[in-house]
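Chain by chain, the residues run as shown.
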Amino acid sequence: MAYPFIDIEAKWQAYWRANGTFRTPEKVDTTRPKYYVLDMFPYPSGDGLHVGHPEGYTASDIVARYKRMRGFNVLHPMGWDAFGLPAEQYALKTGTHPKITTERNVRRFREQLERLGFSYDWDREVNTTDPAYYKWTQWIFKQLFERGLAYQEELPVWWCPELGTTLANEEVIDGKSEIGGFPCVRRPLRQWVLKITEYADRLLEGLDALDWPESTKEMQRNWIGRSEGAEIDFLLAGGAGAVDDHRALKLRVFTTRPDTLFGATYMVLAPEHELVDELTTDSQRAAIAAYKDQASRKSELERTELQKVKTGVFTGAYALNPATSGRIPIWVADYVLAGYGTGAIMAVPGQDQRDFDFAATYGLPVVRTVKPPPGFDGRGAYLGDGEAINSGFLNGLNVERAKAKMIEWLEKSGAGERRVNYKLRDWLFSRQRYWGEPFPIVFVDGEPQAVSDAELPVLLPELEEFKPSGSPEGPLATAGAWLEARDEATGKRARRETNTMPQWAGSCWYYLRFIDPDNSSALVARELERYWMPVDLYIGGSEHAVLHLLYARFWHKVLYDAGFASTPEPFLRLVHQGMILGELEFTLYRDANGRAVSAEHVRNDVDVRTGQAVSLDHADEQQVEKRGDRFVLREAPDVALEGRAFKMSKSRGNVVNPDDIVTRYGADAFRLYEMFMGPLEQVKPWNTRGVEGTFRFLDRAWRLVAGEGGDGAGGTRIENVESTREQARALHQTIAKVTEDIESLRFNTAISALMELVNAAYKWPSVPRAIAEPFVLLLAPLAPHVAEELWQRLGHAESLAYAAWPVADPAYLRADVLEIPVQVNGKVRGRIQVPAEAGETEVIDIARADQNVGRHLAGQTVQRAIYVRGRIVNFVVGAK
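A. Expanded view of the overall build of the protein chain. Assigned secondary structure in the protein chain consists of 25 helices and 39 strands. Summarising its shape, the C-alpha atoms of the protein chain cover approximately 100 × 85 × 70 Å along the three principal directions. Relative to its full complement of 880 residues, the protein chain shows a buried share of 53%. Partitioning the intrachain contacts of the protein chain with sequence separation of at least 6 by distance along the chain shows that 71% fall at a separation of at least 24. Total accessible area on the protein chain stands at roughly 38,800 Å², and carbon and sulfur atoms take up 49% of it. Computed over 105 positive and 122 negative side-chain charges, the separation of the two mean positions in the protein chain equals 4 Å.

The structure is reproduced here in structure tokens:
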């Protein structure tokens, strides 16, 4: 009879709920250490959880339970990032208000999370769509606005007519919306923008002190993209097709390689550059217009793809190279982006590969300004260091010295200046959607101003129609009376902002609200914030490595500067859980006659031996076995198959619902398997059969402690007897291992250690209570339901949630017997077993007595006998 997990899990979930076991009181003993462990809170989609979602939640829950048992005050909350486009799209299709959809989805998610036994403090639950929550999102926006960090600007943005909204760059893939795959175009719109660039240097500098994955920190560094160089002014040249009255105009470019100015043979403007239309000659106007339209349908990734064929159109205008005074043509090309630098570049094909490719395509001149090394074939740009050539007063200098001298010349001549530039652009913060936070902004005589704090929250109006308004203003433009407001100071009529905030807004600061979720008079009480911040452990997917994490850091630094946050960074330690893929899928190749073809003979669906096409067949897991590093047919081991796991998706049909697994095996077995699959950060394929293994382990642990019958009827094997030294050593080594592994988030090896202890205990005639009780405590963070039940059956009336964590006794961590290699003249001639505490004389005598060592000492004079304690014995011998 298996252990009764259904009854046990229902019982203890009800107990925790009724007793508020995991509730963190508002007032805690601040003399005790704190631990704030946080999950990236989810968007509650209509699909509910699949087995990949709880991986990070399980890891954080193990740490939260462990820290409570270590005497920490633990804050472990959960909430919902519930604004967003999917709910609004569902409302458009079904006529269901997004609020109703969101509430239903939240209930579903919470039921699933509770069923998995996560120890969240549900009294602190927050929802970004709750007016009591977004009141403070609006309040933070006011701080940004009043500090000059929120402004309006006409910007070229992605506009999706079908969705009726602007989209951020990351929401557009190949010119189509990420959601729905609808065509998008670039068009100028009035937008709210947050001046994140003001914090670029601090966002860079702050990364150094964070305990984050180095890959994530590097992604943020690259996204911010700090580069040092110069801005250079190019005057417009008259004549030869250009318009003479443009001679007073100048184009400013940013370059990280001012030393290459002598090699600038043409200029390139982004299609969106403000001077493109003014510079374009009549003969080129139609071609430029067509090219701009074409570029407006491409994503930035497409435009900057290094491998793509470079395209562009000549404007008909020319500029003057300030170093050579030579005329150089001005082109428009989409590989230059309006938002980076000045939206214009000087092209130096001799030292930049993109410029070289463009020059080769359009027959533009190439002037090298750095001497290539011997053997350089000249088929491309030279990107390395070397002497400056063809560069006037720079000739003979290396790149760094040439940069410095050119910047000095530019500043003296008034042709340019030293400049630090960033790839990071200010954050587009407007969306033309209904289901988002309204801005706390009204327009008085056309000018934006913030509403008073007393007017917060600005409530989202109840609309019956969520369709886009047909204009960039979005659905709120149809809100009628809601649009009308009054300026408190002057009594003038005002009109509300009709854009809403992006989904990122609510997730930028939720970690602060969890600290003080019911405070109606402040974002967070300062004394509570000072105690709980920063977040000690933050777990979430690597897909948020840049956007969410960068935006949250920016908001936090603004709040820090304003005195509302006490730490310069919000998240001290960050861990990304690896993706859990679907079950392995096995592909079997067959020839035209249906015969199996081994996978190593197949390339691009062709048998390379015969040149004949092969067909693809599916093999069931039961037909496959693994031999070495490959999968083969069980009945024909010489036939290799291709085994691959794919990301879970409804379209592929490989989504595994955790509810099904929990119903069949229980939440504890599910939790253990999620952690036992491999290292937390690793990408792993799901295998439902693997849950059977963790279930069997729990069943064995249950039978060991509760009794052979599974329900206790067979009698427990626990006895009130003294532990043997062997038993105590097994326990304390397990305590040390599990403790170290949980601290390091190596949950798979912690589980292995517990399995080894159970296996050892089954060989004992009985299990001392002094072994059983610590074992149950070690199991508790990982499999809390069964651990609670076993703890109770061992005679404890209280929950073990706050029981003291076992501590390893160092006396049992040292081996009683050591194995020592013995060398004779530097060569290992034997291995001996010696008592750990044995002295030098005793060890050397044991070494001499070893049969093989004795054979190599026979007939020799031992000149020296050396014992390196606990490590090695070495005899130095010579002939008699």
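Let us keep going from here.
B. How the structure looks around the packing of aromatic side chains. Applying the stated criterion across every chain, the model contains 51 aromatic pairs. Summarising the aromatic geometry, the rings of Tyr 66 and Trp 805 are spaced 5.0 Å apart at their centres and angled 90° between planes, so their arrangement reads as edge-to-face. Placement of Tyr 66 in helix H2 (residues 54-69) and of Trp 805 in the loop between helix H23 (784-793) and strand S36 (817-824) is noted, with a sequence separation of 739 residues between them. Taking the relative accessible area as the measure of exposure, Trp 805 reaches 5% and is therefore buried. Ring geometry for Phe 145 against Trp 192: centres 5.8 Å apart, planes inclined by 75°, an arrangement best described as edge-to-face.

C. Representation of helix H24 (residues 840-849) within the structure. Where H24 is concerned, the buried positions are Val 843, Ile 844 and Ala 847. Along the long axis of H24, the arc covered by the buried residues comes to 95°, so they all point the same way. Exposed and oriented more than 90 degrees from the buried face of H24 are Thr 841 and Ala 849. Elements that come into contact with the buried residues of H24 comprise S36, strand S37 (827-835), helix H25 (851-857), strand S38 (860-868) and strand S39 (872-879).

D. Quick peek at the pattern of salt bridges. Following the criterion strictly, the structure yields 55 salt bridges and no others. Glu 743 is the partner of Lys 67 in a salt bridge, and the nearest nitrogen-oxygen pair spans 3.6 Å. Linking Lys 67 in helix H2 with Glu 743 in helix H20 (residues 725-743), this pair joins segments that are 676 residues apart in sequence. Classification of Lys 67 by relative accessible area gives buried; the value is 7%. A relative accessible area of 36% means that Glu 743 is categorised as partly exposed. Close ionic contact of Glu 231 with Arg 252 constitutes a salt bridge, the shortest N to O distance being 2.9 Å. Linking Glu 231 in strand S10 (residues 226-237) with Arg 252 in strand S11 (residues 250-255), this pair joins segments that are 21 residues apart in sequence. Beyond isolated ion pairs, a larger network of salt bridges with shared partners links Glu 231, Asp 233, Lys 250, Arg 252, Glu 417 and Arg 419.

E. Molecular detail of the packing of helix H21 (residues 747-761) against helix H22 (residues 769-779). The N-to-C vectors of H21 and H22 enclose an angle of 155°; their axes lie 11 Å apart at closest approach. It follows that H21 is roughly antiparallel to H22 by the angle criterion. In this structure, the crossing between H21 and H22 has a hand that is left-handed. Of the residues in H22, those touching H21 at Leu 754, Leu 757 and Val 758 are Phe 775, Leu 778 and Leu 779. Per-class residue counts for the contact of H21 with H22 are six nonpolar, no polar and no charged.

F. Inspection of empty space enclosed by the protein at higher detail. For the coordinates displayed, the defined rule picks out three cavities of 30 Å³ or more. In this structure, the largest cavity encloses a volume near 50 Å³. Leu 704, Val 705, Leu 757, Val 758, Ala 761, Trp 764, Val 767, Ile 771, Ala 772 and Phe 775 are the residues that line the largest cavity. At the level of secondary structure, the elements contributing two or more residues to the lining of the largest cavity comprise helix H19 (688-706), H21 and H22. Residue composition of the lining of the largest cavity, by class: 10 nonpolar, no polar and no charged.

G. Main features of the sheet that holds strand S6 (residues 165-167). Here we have four strands laid out as an open sheet, ordered S6-S5-S9-S17, and antiparallel in their pairing. Whereas interior strands pair on both sides, the edge strands pair on one side only; in this sheet they are S6 and strand S17 (427-428). Where strand S5 (residues 150-160) lies against S6, three bridges are found, and the strand directions are antiparallel. From the neighbouring strand, Trp 158 faces S6, where its bridge partner is Leu 167.

H. Broad picture of the side chain of Ser 766. Tracing the backbone shows Ser 766 in the loop between H21 and strand S35 (767-768). Relative accessible area serves as the criterion here: at 11%, Ser 766 is assigned to the buried category. There is a polar contact of 3.5 Å between the side chain of Ser 766 and the side chain of Glu 719. Residues within four places of Ser 766 in sequence aside, it is in contact with Arg 717, Glu 719, Val 721 and Gln 727.

I. Geometry of the pairing of S37. With eight bridges joining them, S36 and S37 adopt antiparallel strand pairing. Directly across from Val 822, in S37, lies its bridge partner Gly 830. Once S36 ends, the chain turns through two residues before running back antiparallel as S37, passing Asn 825 with a positive phi of about 50°.

Calculation criteria
Residues numbered from 1 in each chain as written. Predicted model: local features only at pLDDT ≥ 70, side-chain atom pairs only at ≥ 80, totals over all residues. Heavy atoms only, no water. Helix = DSSP H or I, 4+ residues; strand = E, 2+ residues; numbered from the N terminus. Buried < 20%, exposed > 50% of the residue type's maximum accessible area, 1.4 Å probe, protein only. Contact = heavy atoms within 4.5 Å. Areas by Shrake-Rupley, 256 points an atom, 1.4 Å probe, with all protein chains shown as cover. Lys, Arg positive; Asp, Glu negative; His and termini not counted. Charge placed at Lys NZ, Arg CZ, Asp CG, Glu CD. Phe/Tyr/Trp six-rings, centres within 6.5 Å; stacked < 30°, edge-to-face > 60°. Arc of directions from axis to C-beta. Salt bridge = Lys/Arg side-chain N within 4 Å of Asp/Glu carboxyl O. Axes fitted to C-alpha atoms, helices over the stretch in contact; angles between N-to-C directions. Parallel < 35°, antiparallel > 145°, perpendicular 65-115°, else oblique. Left-handed = near helix turned anticlockwise from the far one by under 90°. Nonpolar A, V, L, I, M, F, W, Y, C, P; charged D, E, K, R; others polar. 1 Å grid on protein atoms, 1.4 Å probe; cavity = no way out; pocket = protein on both sides within 12 Å on 5 of 7 lines; lining within 4 Å. Points joined across faces, edges and corners; volume = space filled by probe spheres on them. Pairing = 2+ DSSP bridges. Polar contact = N/O pair within 3.5 Å; in protein donor to acceptor, adjacent residues only side chain to side chain.

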